[in-house]
Amino acid sequence: MLALIEENIRTFELSLSGMRVVVPVDNGLLAATATIALMAGASAVTAITPPATRFQPAEEAADATRALAEAAGLADALSIEERIDDETCRTTNILVNGPSIRPITRSLIERMHEHSAVALLHEAWMTLTGEVDVEACLEHEVLISAVNESHPLVGGREYQSALCQALFRDAEIPLEDADIVLICDNPLSDNLEQGLRRAGAQVAVVAHANQIFEHSWDAILLAKRPHDEPRLGIQDLGWIAKSAPNATVIQYWGDVDRKAARYFELKVWPQRTPGKGQWGLPLDTLGPTPMLRRITGGLKAAQTVLAGQPIAPGDLAQTLTSPDIFNGD
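Residues numbered from 1 in each chain as written. Predicted model: local features only at pLDDT ≥ 70, side-chain atom pairs only at ≥ 80, totals over all residues. Heavy atoms only, no water.

## Comments concerning the nonpolar core
Then, in step 1: Counting 50 residues, the largest nonpolar core has Phe168, Ile180, Leu188, Leu196, Leu221, Ile250 and Tyr252 as its most contacted members.
Then, in step 2: Those elements that provide at least two residues to this core are α5 (106-109), α6 (134-139), β6 (143-147), α7 (156-170), β7 (179-183), α8 (188-198), β9 (219-223) and β10 (248-253).
Then, in step 3: For isoleucine 180, the residues in contact, after removing those within four places along its chain, are Phe168, Leu175, Leu196, Ala201, Gln202, Val203, Ala204, Trp217, Ala219 and Leu221.
Then, in step 4: In terms of nonpolar packing, the next biggest core, distinct from the first, is built from 40 residues, Val23, Ala32, Leu121 and Val147 among them. (Core = buried A, V, L, I, M, F, W, Y, C linked by side-chain atoms within 4.5 Å. Buried < 20%, exposed > 50% of the residue type's maximum accessible area, 1.4 Å probe, protein only. Helix = DSSP H or I, 4+ residues; strand = E, 2+ residues; numbered from the N terminus. Contact = heavy atoms within 4.5 Å.)

## Digging into the sheet that holds β10
Then, in step 1: The five strands lie next to each other as β8-β7-β9-β10-β11, forming an open sheet whose pairing is parallel. A strand with exactly one partner marks an edge of an open sheet, and here the two such strands are β8 (202-206) and β11 (267-269). For this sheet the average axis-to-axis angle between neighbouring strands, irrespective of direction, equals 25°.
Then, in step 2: Bridge count for β10 against β11 is three bridges, and the pairing is parallel. (Pairing = 2+ DSSP bridges. Axes fitted to C-alpha atoms, helices over the stretch in contact; angles between N-to-C directions.)

## Here's the deal with the pairing of β8
Then, in step 1: Here five bridges tie β7 to β8, and the two strands are oriented parallel to one another. Pairing of isoleucine 183 across the sheet is with valine 206, part of β8.
Then, in step 2: In this view, the connection linking β7 to its parallel neighbour β8 by way of α8 has right-handed handedness. (Right-handed = clockwise from strand over helix to strand, strands pointing away.)

## Considerations on α8
Then, in step 1: Those residues of α8 lying buried are Leu188, Ser189, Asn191, Leu192, Glu193, Gly195 and Leu196.
Then, in step 2: Buried residues belonging to α8 abut α7, β7, β8, β9 and β10.
Then, in step 3: Positive phi shows up at glycine 200, right after α8, with a value of about 105°.

## Looking at the pattern of salt bridges
Then, in step 1: One pass over the full model with this rule turns up 11 salt bridges.
Then, in step 2: Here glutamate 87 makes a salt bridge to arginine 90, at a shortest N to O gap of 3.0 Å. Remark: arginine 90 and glutamate 87 occur in helix α4 (residues 86-91); sequence separation between them is three residues, near one turn of the helix.
Then, in step 3: In this structure glutamate 87 comes out as partly exposed when scored by relative accessible area, which is 45%.
Then, in step 4: Taking the relative accessible area as the measure of exposure, arginine 90 reaches 45% and is therefore partly exposed. (Salt bridge = Lys/Arg side-chain N within 4 Å of Asp/Glu carboxyl O.)

## Overview of unusual backbone geometry
Backbone phi values are negative for most residues with the exception of glycine, while trans is the configuration of most peptide bonds.
Then, in step 1: Along the chain, arginine 102 connects to proline 103 via a cis peptide bond; the corresponding omega equals -5°.
Then, in step 2: Along the chain, proline 103 turns up in the loop between β4 (94-96) and α5.
Then, in step 3: The backbone phi angle of glutamate 172 is positive, close to 60°, even though this residue is not glycine.
Then, in step 4: With a phi angle near 60°, glutamate 265 is a residue other than glycine that sits in the positive phi range.

## Comments concerning the sheet that holds β4
Then, in step 1: Here seven strands make up an open sheet; going across it, the order is β3-β2-β1-β4-β5-β6-β12 and the pairing mixed. Lying at the two open borders of the sheet, with one neighbouring strand each, are β3 (78-81) and β12 (317-319). Put simply, the sheet's adjacent strands are angled 25° from each other on average, direction ignored.
Then, in step 2: Along the sheet, helix α2 (residues 32-39) contacts β1 (20-24), β2 (44-48) and β3; its crossing angle with β1, the most-contacted strand, is approximately 160°.
Then, in step 3: Strands in contact with helix α11 (residues 288-306) are β4, β5 (117-119), β6 and β12; relative to β6, the strand with the most contacts, it is inclined by about 140°.

## Thoughts on the packing of aromatic side chains
Each pair of aromatic rings is reported with the distance of its centres and the angle of its planes.
Then, in step 1: Taken as a whole and assessed by the stated rule, the structure comprises five aromatic pairs.
Then, in step 2: Geometrically, the ring pair formed by tryptophan 253 and tryptophan 279 is stacked, given 4.3 Å between the ring centres and 0° between the ring planes. With a gap of 26 residues between them, tryptophan 253 in strand β10 and tryptophan 279 in the loop between β11 and α11 connect regions that are remote in the sequence.
Then, in step 3: Using a relative accessible area of 2% as the deciding quantity, one classes tryptophan 253 as buried. (Phe/Tyr/Trp six-rings, centres within 6.5 Å; stacked < 30°, edge-to-face > 60°.)

## Structural notes on helix α3 (residues 58-71)
Then, in step 1: Taking 1.5 Å of rise per residue, 14 residues should cover 20 Å, and α3 covers 20 Å from first to last C-alpha, within 8% of that figure.
Then, in step 2: Taken together, the buried positions of α3 are Ala58, Ala61, Ala62, Thr65, Leu68 and Ala69. The arc that holds every buried residue of α3, seen down its axis, measures 140°, which confines them to one face. Those residues of α3 that are exposed and angled more than 90 degrees off the buried face are Glu59 and Ala71.
Then, in step 3: In the core, the buried residues of α3 are packed alongside α1 (2-12), α2, β2 and β3.
Then, in step 4: Among the residues trailing α3, glycine 73 stands out with phi positive, at a value near 70°. (Expected span 1.5 Å × (residues − 1). Arc of directions from axis to C-beta.)

## Observations concerning the environment of glutamate 214
Then, in step 1: Mapped onto the elements, glutamate 214 comes out in the loop between β8 and β9.
Then, in step 2: Judged by its relative accessible area of 55%, glutamate 214 is exposed.
Then, in step 3: With sequence-adjacent residues up to four places away left out, glutamate 214 is seen in contact with Lys242 and Ser243.

What follows is the structure, encoded as structure tokens:
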């Protein structure tokens, strides 16, 4: 892990020298975020653990985070907390968005350092409603950085497709000669479609479920940004039951009304419902490399934005500058 982290820091030219960083952690690969920041020169890192549950004690996330920092010889600059206190907030340069920190609310933003950024570990358009108070960030001049996952250094074109294909393997649906409908109206479409076609599938892309025509489809793949309501609700699933009754509904991204799916006797995969707004499979399913690249890319994007460097389309760094992002799909 330390060798991979060191390689990524060198590849991304990540330098957080003198910065104070707050990161989310869990007992998976997100625990590496703190050590990445420390090895990149951060003067202090505060790791925020998730609320304890009967399935995942908070101590596991703390132990995983601390163990990696100790292996790097940098544990003295690390503190592990359950929440962000006022002093930490006032001195933070980079606040990394994540499950144990969301939502990033107005009350938190109002207390942040005058030269600070909220770092998103995904693309700007992927931001979900309520994830971060964009209006408050604009009012208080707190920058919001995001990472271009399709940038060659991050490798999203490959891992997005690989994660999709892992779902099909888990569902035991061979891709060779499979007939698949991809419900997608966002930048994920090209990467997923091309990956499925390379694997031998026939793919039809539609923006909405009611555009699916009757056919002996093997799978209906959902890849839409989650909203408050499921992206496949009772009417959508009723249409799918009529047009493709034997197809498996694959939840890549975007929630599915599983009660309605059971009513229409549709098979949905994964069998176990992901958390609301979560991906069908977590990225660390593919091993450490994709996740570490995305984390390092997210920190590099924050470094770039804080330095005031110009950002062009296709660059690694993106910025989120308007709450209008929540009005689209």
